[in-house]
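Summary of the model geometry
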Amino acid sequence: MAGNPQGPNIVANEFLGSVISGAVGLPVLESMLIHLSDHFIDSEPDCWFELPSGRKRPDAGLHFGSLLVG
């Protein structure tokens, strides 16, 4: 998700990795960039990051989405 504590390139890395993997014939789940609004993020606290120092709210905007249900 945008604002990920692992760094600002995580969304791009996940999306490009998925696209490239599919392009070379590897089995990958459908993925796309999705837009999450401030309203959605505020109403769904389960999508916040869990850190040792506490919870961190993700930024609104473009996020990587896939059909993987974990």
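So, here's what we can say about the structure. (Residues numbered from 1 in each chain as written. Predicted model: local features only at pLDDT ≥ 70, side-chain atom pairs only at ≥ 80, totals over all residues. Heavy atoms only, no water.)

1. Brief notes about the overall build of the chain
Defined as follows: Strands are runs of DSSP state E lasting at least two residues, helices are runs of H or I lasting at least four, and both sets are numbered from the N terminus onward. Here, two residues are considered to be in contact whenever any of their heavy atoms come within 4.5 Å of each other. Residue exposure ignores everything except the shown protein chains as possible cover, and the areas themselves are Shrake-Rupley values with a 1.4 Å probe.
Across its full length, the chain carries two helices and four strands. Along the chain, helices and strands appear, N-terminal first, in the series α-β-α-β-β-β. Excluding contacts between residues fewer than 6 apart, the proportion of contacts in the chain whose partners are at least 24 apart in sequence is 57%. Of the roughly 5000 Å² that the chain leaves accessible, carbon and sulfur atoms contribute 61%.

2. Digging into a nonpolar patch on the surface
Here is the rule: Grouping into patches uses exposed residues only, defined as over 30% relative accessible area, and leaves out salt-bridged ones; the cut-off is 9 Å for like charges and 5 Å for nonpolar side chains (Val, Leu, Ile, Met, Phe, Trp, Tyr). A carboxyl oxygen of Asp or Glu within 4 Å of a side-chain nitrogen of Lys or Arg is what we treat as a salt bridge.
A cluster of nonpolar side chains, Leu16, Ile20, Val24, Leu26 and Val28, forms an exposed patch at the surface whose accessible area comes to about 480 Å². Looking at the element boundaries, Leu26 is found in the loop between α1 (10-23) and β1 (31-36).

3. Brief notes about the environment of Leu36
Position of Leu36 among the secondary structure elements: in strand β1. Between the alpha carbons of Leu36 and Ser66 there is a distance of 14 Å; along the sequence they are 30 residues apart.

4. So, the environment of Leu67
Note the threshold: The classification of residues rests on relative accessible area computed with a 1.4 Å probe and restricted to protein chains. Under 20% of the type maximum is buried, over 50% is exposed, and intermediate values are partly exposed.
One can find Leu67 in the segment after β4 (61-66). Accessibility expressed as a relative area gives 56% for Leu67, which makes it exposed. It is 17 Å that separates the C-alpha atoms of Leu67 and Ile20, two residues lying 47 residues apart in sequence. Once residues within four sequence positions are removed from consideration, Leu67 is found in contact with Leu29 and Glu30.

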